[in-house]
Amino acid sequence: MKHSIRKVRQGDEKALAYIQTESWKAAFGDILSPDVLKKATDLTRATAMYQWLLEEKQGNGYILEVDGTPHCIAYWDKARDNDMPDYAELICIHSLQNKWRKGYGTKMMEKVLEDVKAAGYHKIMLWVFTENTRARKFYESCGFVTYGKVKPCFGTEEICYERTL
């Protein structure tokens, strides 16, 4: 299977929203309440969010395509946490469940880290649901560590991971 990674562009909002919402449904069914998950995976709402991000040129987004079909997305930007002003933040990395554990997430992470470093950042952070052990293992395998910083989110808890580049 051939893959390619490219920057997001106008017209990608439906693919971005679809990958995010399907990924959330597959990954967070045991973490989030059904009501929260239903609201968070509303395709129309997610499409509008991505349309706004693309129109306003917010963040740095990528799509990884497998054999020409969108499979994985990622976004990063300057960290939103006031106590981490020198950090970039991996805001999201999502992929469709049918190709989990095939190495595409790692390829996307490599691209993001390369882009973050080229933008002049030396540190990157992210938030992940504390109960999302699959994602936490992935981030740890990519060199991220946690120091126990947590915050409430969507009726559960997120933990902060960071990495030096």
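Structure first, text after, so check above.
The following paragraphs examine the structure supplied in this document. Only a predicted model underlies this, so the values are computations on that prediction, with no experimental measurement involved. (Residues numbered from 1 in each chain as written. Predicted model: local features only at pLDDT ≥ 70, side-chain atom pairs only at ≥ 80, totals over all residues. Heavy atoms only, no water.)

### Quick look at the side chain of R136
Note on placement: R136 falls in helix α5 (residues 133–141). It turns out R136 is buried and unbridged, and the closest side chain with the opposite charge, E140, is 4.6 Å from it. For R136, the residues in contact, after removing those within four places along its chain, are V128, F129, T130, T146, I159 and Y161. (Helix = DSSP H or I, 4+ residues; strand = E, 2+ residues; numbered from the N terminus. Buried < 20%, exposed > 50% of the residue type's maximum accessible area, 1.4 Å probe, protein only. Lys, Arg positive; Asp, Glu negative; His and termini not counted. Salt bridge = Lys/Arg side-chain N within 4 Å of Asp/Glu carboxyl O. Contact = heavy atoms within 4.5 Å.)

### Some details on the pairing of strand β5 (residues 123–129)
The buried fraction of β5 is high, at six of seven residues. Direction of pairing for strand β4 (residues 87–95) relative to β5: parallel, over a ladder of four bridges. Of the residues in β5, the one forming a bridge with L90 is L126. Handedness of the crossover joining β4 and β5 through helix α4 (residues 104–118): right-handed. Here β5 runs beside strand β7 (residues 156–164); their pairing, made up of seven bridges, is antiparallel. Along β7, the bridge assignment pairs L126 with Y161. (Pairing = 2+ DSSP bridges. Right-handed = clockwise from strand over helix to strand, strands pointing away.)

### Describing the sheet that holds strand β2 (residues 60–66)
Strand order in the open sheet formed by seven strands is β1-β2-β3-β4-β5-β7-β6, with mixed pairing between adjacent strands. Of all strands in the sheet, those bounded by a partner on one side alone are β1 (3–7) and β6 (145–153). Neighbour to neighbour, the strand axes of the sheet diverge by 25° on average, direction disregarded. Pairing geometry for β2 and strand β3 (residues 69–78), over seven bridges, is antiparallel. Bridge pairing in β3 links I63 to I73. (Axes fitted to C-alpha atoms, helices over the stretch in contact; angles between N-to-C directions.)

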